[in-house]
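Read off the chains here:
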Amino acid sequence: TNVPGFSAFNDSSTLATWLHDSGYKTALIGKYLNRYSPTSTNPYIPPGWDWFQAFRGNPGYYSYSLTNYVNGVNGTSVSYGTKESDYSTDVLAGKAVDFINATESNDAQPFFLYFSVNAPHNPSTPANRHSTAYSSIAPHRPPSFNEQDVSDKPSWIKSLSLLTSSQISTIDANRKNELRTLLAVDEAIETVKNTLQAKGELDNTVIIFLGSDNGFHWGEHRIRTGKQSPYEEA
């Protein structure tokens, strides 16, 4: 579960340790686990990772810290602020490229990169360059949106009031920002792909895209927000 998260995870035998023991260079860049929040100058590094540049505490788009462990050097955390260049998706993409370039100095060694961004997690903050994207996108209005007749629904849905115009406006704005945050992810994936191509490794690399671990409500069944219902949207 989200709590305790990190402290409950047995990391002694993972994909990282299996691949590392088989000769792979390994890197985790981005989010590791909920509640990974080391405070010491020598932060805990899970076994199996040669590079471990993970969010410390809650991930964010701005004003966050990363553990900076590279090639066995147990570095202290690096903090980022609110400058445009601090946008986390871009920062993480740059570190992913650095890992690929560094690892390819030994072309014979295979590598494994786990790249895990914060987007589109709320509060969804797009990069400045994407702040007006999707401004004219059609609103999300499936038949279940702000459902008028909930007589066939369970009692907890029946107890929900119809969405107000203000609530609907907030849903629409949040949806746009969630989509906007993903544009930087698209660019990050393109950057990684282009780096692999430049290194002559694109055709020798398996790229696995893992979708989000949950969906999110945008007003379906009168549910304003969230991810903890049994409906397919969540």
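Predicted model only: the values in this text are computed from it and were never measured. (Residues numbered from 1 in each chain as written. Predicted model: local features only at pLDDT ≥ 70, side-chain atom pairs only at ≥ 80, totals over all residues. Heavy atoms only, no water.)

**Brief notes about the overall build of the chain**
Link 1 in the chain: Secondary structure summary: the chain contains four helices and five strands in total.
Link 2 in the chain: Partitioning the intrachain contacts of the chain with sequence separation of at least 6 by distance along the chain shows that 62% fall at a separation of at least 24.
Link 3 in the chain: If you sum the accessible surface of the chain, you get close to 13,000 Å²; carbon and sulfur atoms cover 51% of it.
Link 4 in the chain: For the chain, the distance from the average position of its 18 positive side-chain charges to the average position of its 23 negative side-chain charges is 8 Å. (Helix = DSSP H or I, 4+ residues; strand = E, 2+ residues; numbered from the N terminus. Contact = heavy atoms within 4.5 Å. Areas by Shrake-Rupley, 256 points an atom, 1.4 Å probe, with all protein chains shown as cover. Lys, Arg positive; Asp, Glu negative; His and termini not counted. Charge placed at Lys NZ, Arg CZ, Asp CG, Glu CD.)

**Description of the nonpolar core**
A general feature of soluble globular proteins is that nonpolar side chains tend to end up buried together.
Link 1 in the chain: If you look at the biggest cluster of nonpolar residues, it comprises 23 residues, and the most contacted ones within it are Tyr 64, Leu 66, Tyr 87, Leu 92, Phe 99 and Ile 100.
Link 2 in the chain: The set of elements that each furnish at least two residues to this core consists of strand E1 (25-30), strand E3 (64-70), helix H2 (88-103) and helix H4 (165-198).
Link 3 in the chain: Among the elements that take part in this core, H2 stands out by supplying five residues, more than any other.
Link 4 in the chain: Ignoring any residue separated from it by four or fewer positions in sequence, one finds Ile 100 in contact with Phe 111, Leu 113, Val 192, Thr 195 and Leu 196.
Link 5 in the chain: Counting residues in each nonpolar core, the second largest holds twelve residues, with Phe 6, Tyr 32, Ile 45 and Tyr 69 among its members. (Core = buried A, V, L, I, M, F, W, Y, C linked by side-chain atoms within 4.5 Å. Buried < 20%, exposed > 50% of the residue type's maximum accessible area, 1.4 Å probe, protein only.)

**Description of the environment of Glu 104**
Link 1 in the chain: Within the secondary structure, Glu 104 is located in the loop between H2 and strand E5 (111-116).
Link 2 in the chain: For Glu 104, a relative accessible area of 11% translates into the label buried.
Link 3 in the chain: Each C-alpha atom of the pair Glu 104 and Ile 137 lies 42 Å from the other, and the pair is 33 residues apart in sequence.
Link 4 in the chain: Those residues in contact with Glu 104 that lie beyond four places of it in its chain are Phe 111, Lys 199 and Glu 201.

**Considering the pattern of salt bridges**
Link 1 in the chain: Counted under the stated rule, the structure contains six salt bridges.
Link 2 in the chain: Across the pair Asp 172 and Arg 141 runs a salt bridge, and its minimum N-O distance is 2.9 Å. Taken together, the residues span a long stretch of sequence, with Asp 172 in helix H4 and Arg 141 in the loop between E5 and helix H3 (155-158) at a distance of 31 residues.
Link 3 in the chain: The class for Asp 172 is buried, based on a relative accessible area of 19%.
Link 4 in the chain: Its relative accessible area of 39% is what places Arg 141 among the partly exposed residues.
Link 5 in the chain: Between Asp 152 and Lys 153 there is a salt bridge, and its shortest N-O distance comes to 3.0 Å. (Salt bridge = Lys/Arg side-chain N within 4 Å of Asp/Glu carboxyl O.)

**So, the packing of aromatic side chains**
Link 1 in the chain: Counted by the stated rule, this structure contains 15 aromatic pairs.
Link 2 in the chain: Between Tyr 61 and Tyr 87 the ring centres are 5.9 Å apart and the planes differ by 20°, which places this aromatic pair in the stacked class. Here the residue Tyr 61 occupies a position in the loop between strand E2 (51-54) and E3, and Tyr 87 occupies one in the loop between strand E4 (73-80) and H2, the gap between them amounting to 26 residues.
Link 3 in the chain: The class of Tyr 61 is buried, set by a relative accessible area of 4%.
Link 4 in the chain: Given the relative accessible area of 0%, Tyr 87 is considered buried.
Link 5 in the chain: Ring geometry for Tyr 64 against Tyr 80: centres 5.0 Å apart, planes inclined by 15°, an arrangement best described as stacked. Linking Tyr 64 in strand E3 with Tyr 80 in strand E4, this pair joins segments that are 16 residues apart in sequence. Neither residue differs from the other here; Tyr 64 and Tyr 80 are each classed as buried.
Link 6 in the chain: Here a set of aromatic residues connected by ring pairs shows up, and it is made of Phe 6, Tyr 32, Tyr 36, Tyr 44, Trp 49, Phe 52 and Phe 112.
Link 7 in the chain: Here the guanidinium or amino end of Arg 141 rests over the ring plane of Phe 145, the centre of that ring lying 4.2 Å away. (Phe/Tyr/Trp six-rings, centres within 6.5 Å; stacked < 30°, edge-to-face > 60°. Lys NZ or Arg CZ within 6 Å of the ring centre and 35° of its normal.)

By themselves, these are just geometric observations and shouldn't be taken as functional.
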